[in-house]
2 protein chains.
Amino acid sequence: MTEDTFITPQRADALISNALPADWPTEYVPITSAAGRILRRPVPADRDLPPFDRVMMDGIALASAALGNGNRRFKIESTALPGRPPLALSEPASACIQVMTGAVLPQGCDTVVPFEEIKISGDYADINPNLRIAPGDNVHHRASDLNKGDILLPAGKRLTPNHIALAASTGQTEVCVARPPRIAVVSNGDELVDLGHPVHPFQIRPINNYGIRSVLHARAFPEVHVFHTPDDRDAILTVLNTVLDNFDLLIISGGVSMGRFDYVPSVLQELGVQKIFHKVRERPGKPLWFGMFRNNKPVFALPGNPVSSMVCLHRYVLPHTEHAMGLRQTSEETAVLARPVDFEPRLTFFPPVRTSVVEGVLTAEPVKYNNSGHFAALSESNGFVELQADINHFPAGTSVPFRRWTSVL
Amino acid sequence: MTEDTFITPQRADALISNALPADWPTEYVPITSAAGRILRRPVPADRDLPPFDRVMMDGIALASAALGNGNRRFKIESTALPGRPPLALSEPASACIQVMTGAVLPQGCDTVVPFEEIKISGDYADINPNLRIAPGDNVHHRASDLNKGDILLPAGKRLTPNHIALAASTGQTEVCVARPPRIAVVSNGDELVDLGHPVHPFQIRPINNYGIRSVLHARAFPEVHVFHTPDDRDAILTVLNTVLDNFDLLIISGGVSMGRFDYVPSVLQELGVQKIFHKVRERPGKPLWFGMFRNNKPVFALPGNPVSSMVCLHRYVLPHTEHAMGLRQTSEETAVLARPVDFEPRLTFFPPVRTSVVEGVLTAEPVKYNNSGHFAALSESNGFVELQADINHFPAGTSVPFRRWTSVL
């Protein structure tokens, strides 16, 4: 099998998209733990916003018609406080009501004059004679932001802290979000020695497990369990058999290349996972394997090299899974190459880049990138661009799709 | 006191920056819970990266000098696996060693030919006669990414999942990060009724508490406690007295305006909090109050309107606190106004905007924004720009500082 017979990234997208379950389950969660989750039912305003004519400044409220004859002195009848039922002005022609920010505008009043513009002497307020006053000044009118029943938060958003504040405004304690899959992250390889244990010169650390788990936590997948298997077919079979039963989604790293000890594809097929594709015309990430177990459990087997694994996670696993969960915001941006990139192989190329905004332009500077095992490139970059196959030379200034690595903000 | 005598945002920056403690404490945390935290000690590579000449492809390793006479058939002596001590080639002129990705390049070999380019018959490998082979092909040379002792992660970064993966590569289980302050978030106001309780038409929901807490959690401040007080001086005094003793940083919302019941500034001063400033020439956010308790506990009292409170949190509280904690990445970007903005008052203006990248340019579109109580603007925007005072007209195309609302990714 030559590279030309592998599928393209676009074909991989279509195959994954078709295979993933269309009706991802939902759940209600307290809004205090909903940040990062994908909203599945819209949140409507439970009442007009604001719910009443709201006083916006501390001062006095009055009827602007009373200013018609040049009157600038008003008797203070009472004080309207936030959180109290509305007051009413008894003598609109000559009196006013002291008001505090957040109070209901008293009945009979249509404007608010702030304290900075008045002088209070005993029961009387004298207004700065030079102040121009219009009806509605410093009043936040009922329903001027939104009407009751209007959609405050549409379904399909990833909830930010601001969304949480908005959801709180409705008084509801819970929101309906996609239920995140329980995810098993499985690495394999005899060369991997966990942190805190001595390492031989010929061994390395299981950094994919730590990186992938951290990404998933940052994207509000709370239930992520990490497993490791040696390069032993029976051990891989035992572990994968267990996790297929107990988790909703599998992310495997390593064991999918051409090597004699890359048992993952054959073990997955033996366990009844239906292979959808293996190998994509791309670099890094060529050995990517994808299949489905019992029509509802996606299995993504990523190459073991750290950059490959992170690229495949961000290019395929996360966008497709989150779309299936109901997310309707794309994570793809467009950036402009800061310098030319040459790439000979007839493969889609995903080089790590660091973006910055240069005179307003989102500019992507390719970072030093030796190969897919060069994981320091993960730290120096903030994402990667997608350079299409069949073009060998990308001049500086080319606009290209850009995806960010998962950050925490 | 007129607006002209309030301080500018730049002066507020300087005063906060001078007042905050310079030596914020640190702590060691497991790398599995370090994402989002601010790194305080650099993480050096514990050994060369890669630590050995690493095989990058499954295939055969050989001595490239043996190809000089056109020889393309090599006897397979043995198999080098990842995680095993290095092998050595006995017959460099005529033999090769089968190698798997991640193995140590066997001694005596200097190049790797991938399986796709060879045919194996019994103990012999025949290499594609058209393949050009050079020393170093498919070998990731020891120390080609980094040398032992080189800095993998410099101090001052906010740790992303990729940083966690890099830290894991050193085998260390913990990293040294800034110890986050225990934060008390205190709202006040008789008009606020918590979620899940019936609300009168003249009452509203305490959305600042929910929004601020969610922002702080997203920014890796794990210990955030929320308090609420009515508009009662004694109650405010009791609550603030307790939280000043038990927390490292206070964020108060509401009660700092000119109203008769805005007790917060006087209560704070009665409790011994040294006022540094009150009121800034800006909109929203004018009533901002800032002080220090016992020289090490910052107290930020924000205006109660939701947009004011979020702007002050993102413009002052977070950048200054995180800088004091050791963060050395700015959260300020530059965006270009999509349309002209007119603003008469001689105040710095922070209008909420939604940015998008238009032909590569980070473009800021001001959203509908009625006033600082119009919290739906928080959801429609993804941040706010800073428009300097003393300019009334900002044409489309003006480059301006932009800060993003806290998101979860």
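Residues numbered from 1 in each chain as written. Chains lettered and ligands numbered in written order. Predicted model: local features only at pLDDT ≥ 70, side-chain atom pairs only at ≥ 80, totals over all residues.

## Comments concerning the overall build of chain A
Then, in step 1: Check the secondary structure of chain A and you find seven helices and 27 strands.
Then, in step 2: Over its C-alpha atoms chain A spans a radius of gyration of 30 Å, topping by over 25% the 22 Å that the globule rule assigns to 409 residues.
Then, in step 3: Summarising its shape, the C-alpha atoms of chain A cover approximately 95 × 50 × 45 Å along the three principal directions.
Then, in step 4: Counting the 409 residues in chain A, one finds 53% classified as buried.
Then, in step 5: Restricting the contact set of chain A to residue pairs at least 6 apart, pairs at least 24 apart contribute 70%. (Helix = DSSP H or I, 4+ residues; strand = E, 2+ residues; numbered from the N terminus. Rg over C-alpha atoms; globule rule 2.2 N^0.38 Å. Buried ≥ 20, exposed ≤ 12 C-beta atoms within 10 Å, placed from the backbone. Contact = placed C-beta atoms within 7 Å.)

## Some details on the sheet that holds strand S18 (residues 289-293) of chain B
All names here are of chain B.
Then, in step 1: Ordered by their spatial adjacency, six strands build an open sheet running S14-S13-S15-S19-S18-S16, and the pairing between neighbours is mixed. Pairing within the sheet leaves two strands with one partner each, and these edge strands are strand S14 (224-229) and strand S16 (273-278). Ignoring strand direction, the axes of neighbouring strands in this sheet form an average angle of 20°.
Then, in step 2: Sheet analysis places strand S13 (residues 183-188) next to S14, joined by six bridges and oriented parallel. Within the sheet, the bridge partner assigned to alanine 184 lies in S14 and is histidine 225.
Then, in step 3: In the packing of helix H1 (residues 9-19) onto the sheet, the strands contacted are S16 and S18, and the crossing angle to S16 comes to about 160°. (Pairing = 2+ DSSP bridges. Axes fitted to C-alpha atoms, helices over the stretch in contact; angles between N-to-C directions.)

## A few points about helix H6 (residues 306-324) of chain B
In an α-helix, one full turn covers 3.6 residues, which means residues spaced three or four apart are oriented alike.
All names here are of chain B.
Then, in step 1: The first and last C-alpha atoms of H6 sit 25 Å apart over 19 residues, in line with the 27 Å expected at 1.5 Å per residue.
Then, in step 2: In H6, a bend of some 40° at leucine 313 exceeds every other bend along the element.
Then, in step 3: Here H6 lies mainly inside the structure; 16 of its 19 residues are buried.
Then, in step 4: Immediately beyond the C-terminal end of H6, within one or two residues, lies glycine 326, with a positive phi of roughly 115°. (Expected span 1.5 Å × (residues − 1). Bend = angle between axes of the 7 residues up to and from the residue.)

## What about H1(B)?
All names here are of chain B.
Then, in step 1: Of the positions making up H1, those classed as buried are Pro9, Ala12 and Ile16. One side of H1 carries all its buried residues, which in axial view fall inside an arc of 55°. Turned more than 90 degrees off the buried face of H1, the exposed positions are Gln10, Ala14 and Asn18.
Then, in step 2: In the core, the buried residues of H1 are packed alongside S16, strand S17 (282-283), S18, H6 and strand S22 (348-349). (Arc of directions from axis to C-beta.)

## Re the environment of Thr170(A)
Residue and element names in this part refer to chain A.
Then, in step 1: Tracing the backbone through its elements, the reader meets threonine 170 in the loop between helix H2 (161-169) and strand S12 (174-178).
Then, in step 2: On the basis of neighbour counts, which here come to 21 C-beta atoms within 10 Å, the residue threonine 170 falls in the buried class.
Then, in step 3: When the C-alpha atoms of threonine 170 and proline 230 are compared, they prove to be 52 Å apart, with 60 residues separating the residues in sequence.

## Let's talk about the nonpolar core
Then, in step 1: Of all hydrophobic cores here, the largest spans 185 residues; its most connected members are Leu250(A), Ile251(A), Leu250(B) and Ile251(B).
Then, in step 2: Excluding residues that lie within four positions of it along the chain, Ile251(A) makes contacts with Ile183(A), Val185(A), Ile212(A), Phe300(A), Leu302(A) and Val317(A). (Core = buried A, V, L, I, M, F, W, Y, C linked by C-beta atoms within 7 Å.)

## Some details on the interface of chain B and chain A
Then, in step 1: Each side of the interface is counted separately: chain B has 88 residues, and chain A has 88 residues.
Then, in step 2: Every element with two or more residues in the side of chain B that touches chain A is listed here: strand S11 (151-153), helix H2 (161-169), helix H3 (207-218), strand S20 (332-337), strand S24 (361-366) and helix H7 (376-380) of chain B.
Then, in step 3: The residue inventory of the side of chain B that touches chain A, partitioned by class, reads 46 nonpolar, 31 polar and eleven charged. (Nonpolar A, V, L, I, M, F, W, Y, C, P; charged D, E, K, R; others polar.)

## Here's the deal with the confidence of the model for chain A
Low pLDDT means the predicted coordinates in that region are not meant to be read closely.
Then, in step 1: Looking at chain A, the pLDDT average stands at 94 and 98% of residues meet or exceed 70.
Then, in step 2: Interface confidence in the predicted complex, given as ipTM, is 0.93; pTM for the same model is 0.94. (pLDDT = per-residue confidence, 0-100.)

## Comments concerning the packing of helix H3 (residues 207-218) of chain A against H2(B)
Then, in step 1: The interhelical angle for the contact between H3(A) and H2(B), taken along N-to-C directions, is 155°, at an axis separation of 8 Å. Judged by the inter-axis angle, H3(A) sits roughly antiparallel to H2(B). Viewed along their axes, H3(A) and H2(B) form a crossing whose handedness is right-handed. Taking contact as the criterion, the partners of Ile207(A), Tyr210(A), Gly211(A), Ser214(A), Val215(A) and Ala218(A) in H3(A) are, on H2(B), Pro161(B), Asn162(B), Ile164(B), Ala165(B), Ala168(B) and Ser169(B).
Then, in step 2: In terms of residue class, the contact of H3(A) with H2(B) is made up of eight nonpolar, four polar and no charged. (Parallel < 35°, antiparallel > 145°, perpendicular 65-115°, else oblique. Left-handed = near helix turned anticlockwise from the far one by under 90°.)

## Focus on the relation of the copies chain B and chain A
Then, in step 1: Placing chain B over chain A gives an RMSD of 0.0 Å and needs a rotation angle of 180°, together with 0.0 Å of translation along the axis. Such values leave the two copies arranged in the relation of a two-fold axis.
Then, in step 2: Comparing interface residues between copies, 100% of those in chain B also lie at the interface in chain A; the contact surface is shared. (Least-squares fit on C-alpha atoms with pLDDT ≥ 70 in both.)

## Section: unusual backbone geometry
If a residue is not glycine, its phi is most likely negative; likewise, a peptide bond is most likely trans.
Then, in step 1: Along the chain, Leu49(A) connects to Pro50(A) via a cis peptide bond; the corresponding omega equals -15°.
Then, in step 2: Mapped onto the secondary structure, Pro50(A) falls in the loop between strand S2 (43-44) and strand S3 (54-55).
Then, in step 3: One non-glycine residue, Asn295(B), adopts positive backbone phi at about 65°.
Then, in step 4: In this fold, Asn295(B) is placed in the loop between S18 and strand S19 (297-302).

## Section: the packing of H3(A) against helix H6 (residues 306-324) of chain A
Helix packing for two helices is described by the angle between their axes and how far apart those axes are.
Residue and element names in this part refer to chain A.
Then, in step 1: As a packed pair, H3 and H6 sit with axes 10 Å apart at the nearest point and diverge in direction by 25°. When the axis of H3 is compared with that of H6, the two are roughly parallel. Read as a crossing pair, H3 and H6 show a hand that is right-handed. Of H6, the residues touching H3 (which contributes Ile207, Asn208, Gly211, Ile212 and Val215) are Pro306, Ser309, Met310 and Leu313.
Then, in step 2: Here the contact of H3 with H6 is composed, by residue class, of six nonpolar, three polar and no charged.

## A word on the sheet that holds strand S9 (residues 124-127) of chain B
Working definition: the strands of a sheet are paired by backbone hydrogen bonds and lie parallel or antiparallel to each other.
All names here are of chain B.
Then, in step 1: Pairing is mixed in the open sheet, where six strands are placed in the order S7-S4-S6-S5-S9-S8. Each edge of the open sheet is held by one strand with a lone partner, namely strand S7 (111-114) and strand S8 (118-121). Adjacent strand axes in the sheet meet at a mean angle of 40°, parallel and antiparallel pairs treated alike.
Then, in step 2: In terms of strand pairing, strand S4 (residues 59-62) meets strand S6 (residues 95-99) through three bridges, oriented antiparallel. Opposite alanine 61, over in S6, you have isoleucine 97 as the bridge partner.

## Digging into the environment of Ser169(A)
Then, in step 1: In this fold, Ser169(A) is placed in helix H2.
Then, in step 2: As a C-alpha pair, Ser169(A) and Asp46(A) span 123 residues in sequence and 8.4 Å in three-dimensional space.
Then, in step 3: Look past the residues within four positions of Ser169(A) in its chain and what remains in contact with it is Arg205(B), Ile207(B) and Phe375(B).

## Brief notes about the pairing of strand S20 (residues 332-337) of chain A
All names here are of chain A.
Then, in step 1: Pairing between S20 and strand S27 (residues 399-404): five bridges, direction antiparallel. Bridge pairing in S27 links glutamate 333 to phenylalanine 402.
Then, in step 2: Here S20 runs beside strand S24 (residues 361-366); their pairing, made up of two bridges, is parallel. The partner of valine 336 across the bridge, within S24, is threonine 363.

## Observations regarding the environment of Asp46(A)
Residues and elements named next belong to chain A.
Then, in step 1: Mapped onto the elements, aspartate 46 comes out in the loop between S2 and S3.
Then, in step 2: On the neighbour-count criterion, aspartate 46 (16 C-beta atoms within 10 Å) is partly exposed.
Then, in step 3: When neighbours within four sequence positions are excluded, aspartate 46 is seen to be in contact with Lys148, Thr170 and Gly171.

## Focus: the domain arrangement of chain A
Then, in step 1: Segmenting chain A into domains produces domain 1 (3-25 + 179-324), domain 2 (54-140) and domain 3 (333-404).
Then, in step 2: On a C-alpha basis, the centroid separation for the pair domain 2 of chain A and domain 3 of chain A is 61 Å. (Domains from an automatic or database assignment.)

## Examining the pairing of S6(B)
Residue and element names in this part refer to chain B.
Then, in step 1: A large share of S6 lies buried, amounting to five of its five residues.
Then, in step 2: On S6, burial covers both faces: Ala95, Ile97 and Val99 on one face and Cys96 and Gln98 on the other are all buried.
Then, in step 3: With four bridges connecting them, strand S5 (residues 73-80) and S6 associate as parallel partners. Bridge pairing in S6 links alanine 80 to valine 99.

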